Structures are given as structure tokens and as C-alpha cells.
Amino acid sequence: MRTIEERVMGTVGVIYIARILVSATALRLYALTLSLAGIVAFASVPHVFLNILVVAHSGPAGVAFYLLYAVLGTTLIIQLALAVGATAAVSLFVSLVRTFSGWRAGFA
């Protein structure tokens with residue numbers, strides 16, 4: 001039979017792992033991963049990159065117009081995946097900047 005200390009420590013370990021798995025950063029990473037998987041599943045990503053290479057000869061404005069029309073001309077599910085992925089990426093970047101700027105401020 002297990003002692004009460006082992007039971008409590010086991011429960012504490014489960015709660016600790018659950019808190020890590022549902023933390024804000026983890027949820028952002030899940031959203032980014034799922035949106036990328038959705039884009040890969042529903043869009044022909046290699047063809048998009050090949051077309052960008054063709055359009056790249058017209059300069060940055062041509063690439064920007066291509067990307068705009070590519071997003072507007074795709075299905076709603078891919079547009080939603082792009083929106084979720086972009087939001088998650090920006091949120092992760094802001095969180096990363098806040099983390100490192102706070103870390104540096106502590107040593108200044």
C-alpha cells in the first residue's frame with residue numbers, strides 16, 4: 001500500500017504537468033501548430049512557393065500583391081488557419097519579447 005505522502009506527491013505531479021500543458025504559451029503553440037497543419041493539409045504549399053519565386057522577379061510589390069490575392073482567393077478554412085496562425089505567432093513573439101526585456105531589465 002502506498003503512503004499518503006506518495007499519493008499527495010503523485011497528485012501534485014499530475015497537477016503540475018496539467019498546468020504546463022494548458023499554459024498560455026502551450027495553447028499558443030498548439031494553435032500555431034494546428035493552423036500550420038491545416039494550411040499544409042488544405043493548400044498546395046509547394047506550388048505557392050514556386051509561384052512566389054516566379055513573381056519575385058517583379059519585386060517586393062509584386063510579391064505583396066501575389067500574397068494578398070493568394071489569401072483572398074483561397075478557401076475560408078485556409079483564411080481562418082492563416083488568421084489563427086498569424087495571431088498565435090504574433091502573440092508568441094510578444095510574449096518572448098516581454099520575457100527577454102524583463103530579464104534584461106533585472107540586470108541593468
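Notes on the structure in this doc start here. (Residues numbered from 1 in each chain as written. Predicted model: local features only at pLDDT ≥ 70, side-chain atom pairs only at ≥ 80, totals over all residues. Heavy atoms only, no water.)

### Focus on the overall build of the protein
Counting its regular elements, the protein contains five helices and zero strands. N-terminal to C-terminal, the α/β element order of the protein is α-α-α-α-α. Expected size for 108 residues packed as a compact globule is a radius of gyration near 13 Å; at 22 Å, the protein overshoots this value by more than 25%. Dimensions of the protein, computed from the C-alpha atoms along their principal axes, are close to 70 × 45 × 20 Å. When the 108 residues of the protein are sorted by exposure, 14% land in the buried category. (Helix = DSSP H or I, 4+ residues; strand = E, 2+ residues; numbered from the N terminus. Rg over C-alpha atoms; globule rule 2.2 N^0.38 Å. Buried < 20%, exposed > 50% of the residue type's maximum accessible area, 1.4 Å probe, protein only.)

### What to know about the environment of valine 71
Relative to the assigned elements, valine 71 resides in helix H4 (residues 60–72). By relative accessible area, valine 71 is classed as partly exposed at 34%.

### A look at the packing of helix H3 (residues 45–55) against H4
Between H3 and H4, the shortest axis-to-axis distance is 9 Å and the interhelical angle comes to 150°. Put simply, H3 runs roughly antiparallel to H4. H4 is crossed by H3, and the crossing has right-handed handedness. Between H3, through His47, Val48, Asn51, Ile52 and Val55, and H4, the contact on the second element is made entirely by Gly62, Val63, Tyr66 and Leu67. In terms of residue class, the contact of H3 with H4 is made up of six nonpolar, three polar and no charged. (Axes fitted to C-alpha atoms, helices over the stretch in contact; angles between N-to-C directions. Parallel < 35°, antiparallel > 145°, perpendicular 65-115°, else oblique. Left-handed = near helix turned anticlockwise from the far one by under 90°. Contact = heavy atoms within 4.5 Å. Nonpolar A, V, L, I, M, F, W, Y, C, P; charged D, E, K, R; others polar.)

These figures capture arrangement, not role.
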